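Now for the letters of each chain:
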Amino acid sequence: MLSVLVTNAKGGAGKTTLAVTLATAFASEGHKTALADVDRQGSALGWLALRPGDRPPIAGLDWHKSAGKVQDGVERLVIDAPAGARLKHVDELQGRADLVVVPVQPSLFDERSTGDFLARLDRLKPIRKGRKAVLVVANRTKPRGRASQRLVDFLKREGFPPVASLSERAAYQELAIDGLGAFDPEGRRLVEIRRDWEPLLRAISERA
Ligand SMILES: Nc1ncnc2c1ncn2[C@@H]1O[C@H](COP(=O)(O)OP(=O)(O)OP(=O)(O)O)[C@@H](O)[C@H]1O
Ligand SMILES: [Mg+2]
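About the cut-offs
Residues numbered from 1 in each chain as written. Chains lettered and ligands numbered in written order. Predicted model: local features only at pLDDT ≥ 70, side-chain atom pairs only at ≥ 80, totals over all residues. Heavy atoms only, no water. Near = heavy atom within 4 Å. Polar contact = N/O pair within 3.5 Å; in protein donor to acceptor, adjacent residues only side chain to side chain. Areas by Shrake-Rupley, 256 points an atom, 1.4 Å probe, with all protein chains shown as cover. Helix = DSSP H or I, 4+ residues; strand = E, 2+ residues; numbered from the N terminus. Nonpolar A, V, L, I, M, F, W, Y, C, P; charged D, E, K, R; others polar. Buried < 20%, exposed > 50% of the residue type's maximum accessible area, 1.4 Å probe, protein only. Arc of directions from axis to C-beta. Contact = heavy atoms within 4.5 Å. Salt bridge = Lys/Arg side-chain N within 4 Å of Asp/Glu carboxyl O. Core = buried A, V, L, I, M, F, W, Y, C linked by side-chain atoms within 4.5 Å.

Undergrad: So what exactly am I meant to see when it comes to the site of ligand 1 here?
TA: Looking at ligand 1, there are 17 residues lining it, with Lys15, Thr16, Thr17, Asn139 and Arg140 nearest. Between ligand 1 and threonine 17 there is a distance of 2.6 Å, counted from an oxygen atom to a side-chain nitrogen or oxygen. Between ligand 1 and the protein, one listed contact pairs an oxygen atom with a side-chain N or O atom of glutamine 41 at 3.5 Å. When the free accessible area of ligand 1 is taken as 630 Å², the share hidden by the protein chains comes to 80%. Those elements giving two or more residues to the shell around ligand 1 turn out to be helix 1 (15–28), strand 6 (133–141) and helix 7 (171–177). Of all the elements, helix 1 adds the most residues to the shell around ligand 1, at three residues. Classifying every residue of the shell around ligand 1 gives three nonpolar, nine polar and five charged.

Undergrad: How should helix 3 (residues 87–94) be read in this particular structure?
TA: Because each turn of an α-helix spans 3.6 residues, side chains separated by three or four positions in sequence point in the same direction. Of the positions making up helix 3, those classed as buried are Val90, Leu93 and Gln94. The arc that holds every buried residue of helix 3, seen down its axis, measures 95 degrees, which confines them to one face. Those residues of helix 3 that are buried are in contact with strand 1 (2–6), strand 4 (76–80), strand 5 (99–104), helix 4 (108–121) and helix 5 (125–128).

Undergrad: It is not clear to me how the pattern of salt bridges should be interpreted in this structure. Could you clarify?
TA: In a structure, side chains of opposite charge can pair up when their charged atoms sit close to one another. This structure, assessed with the given rule, holds seven salt bridges. Linking aspartate 54 and arginine 55 is a salt bridge whose minimum nitrogen-to-oxygen distance equals 3.6 Å. The shortest N-O distance in the salt bridge between arginine 169 and glutamate 192 comes to 3.3 Å. A residue pair is termed long-range when its members are at least 10 positions apart, and arginine 169 in the loop between strand 7 (164–167) and helix 7 and glutamate 192 in helix 8 (residues 191–206) qualify at 23 residues. Take arginine 169: its relative accessible area is 27%, and that puts it in the partly exposed class. For glutamate 192, a relative accessible area of 48% gives the class partly exposed.

Undergrad: Before we go on, may I ask you to explain the nonpolar core in this structure?
TA: Nonpolar side chains in soluble globular proteins generally cluster together in the buried interior. Ranked by size, the top nonpolar core spans 37 residues in total, and within it Val4, Leu22, Val101, Trp197, Leu200 and Ile204 carry the most contacts. Put simply, the parts of the chain that give this core at least two residues each are strand 1, helix 1, helix 2 (43–50), strand 5, strand 6, strand 7, helix 7 and helix 8. By residue number, the principal contributor to this core is helix 1, which donates eight residues. Valine 4 has contacts with Leu22, Phe26, Leu77, Val78, Ile79, Ala97, Leu99, Val101 and Ile204, leaving out every residue within four places of it along the chain. In this structure, Ala34, Trp63, Val100 and Ala138 belong to the second largest nonpolar core, which totals 30 residues.

Undergrad: Sorry if this is basic, but what is going on with the side chain of aspartate 184 here?
TA: You can see aspartate 184 is positioned in the loop between helix 7 and helix 8. Of the polar contacts made by the side chain of aspartate 184, one reaches the side chain of arginine 51; its length is 2.8 Å. A distance of 2.9 Å separates the side chain of aspartate 184 from the backbone nitrogen of glycine 181, its partner in a polar contact. Beyond its immediate sequence surroundings of up to four residues, aspartate 184 is in contact with Thr24, Arg51, Arg55, Pro56, Gly179 and Arg194.

Undergrad: What is the right way to look at unusual backbone geometry in this model?
TA: We note that arginine 140 has phi near 60 degrees; this positive angle belongs to a residue other than glycine. Turning to its location among the elements, arginine 140 is positioned in strand 6. For arginine 140, a relative accessible area of 33% gives the class partly exposed. Unusually for a residue other than glycine, arginine 144 sits at a positive phi of about 60 degrees. Looking at the element boundaries, arginine 144 is found in the loop between strand 6 and helix 6 (146–157).

Pasting the structure below:
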């Protein structure tokens, strides 16, 4: 099983959006996929409850009280972490993951708090020793946006150059309302969005 923790202490960075989209990517590749919701807000499980039955299945796990068991046979586990998670909690969760994905938005405030968060993550042993990868993703970027370029420069200076850049797209909200993600619908509508995800999916599959 390959397990991916999506985390950032900053609220609203895009953790749940990335977690559900990754889950749809894995499920559409034919992997037996589970989505663990650690957030007591239950956003990921709420999304799953809306998911139509004819779509590639994703099993939901309620981990908001504590991280639990994963069913036998699951090949891909995505863990959606809550905002404001204390380091001890993040340390416990990364212990259940093979790699850590951190979304960050282009804004001064998100930059600063994510910088602190990355520095704390970097002190956790398996990460410090390079055994566990941290993949940072620039989220809600705008083409040629000054803030987006600033974010990329900032992350490079921090030693975490972003592996992917996901554009700001209304489609994420529209899909979520129907319990869908960018890798569900057929047709050409989501071609550009999926292209954004290729480097991240490649980086994840290299570690599978
Ligand atoms: N690339 C994107 N384009 C457009 N909207 C986005 C994008 N990423 C996230 N959003 C929107 O931003 C809002 C916050 O995203 P999301 O809920 O995924 O963040 P979060 O980190 O899980 O928040 P929380 O800390 O509350 O758990 C949502 O309305 C989501 O639809
Ligand atoms: Mg969330």
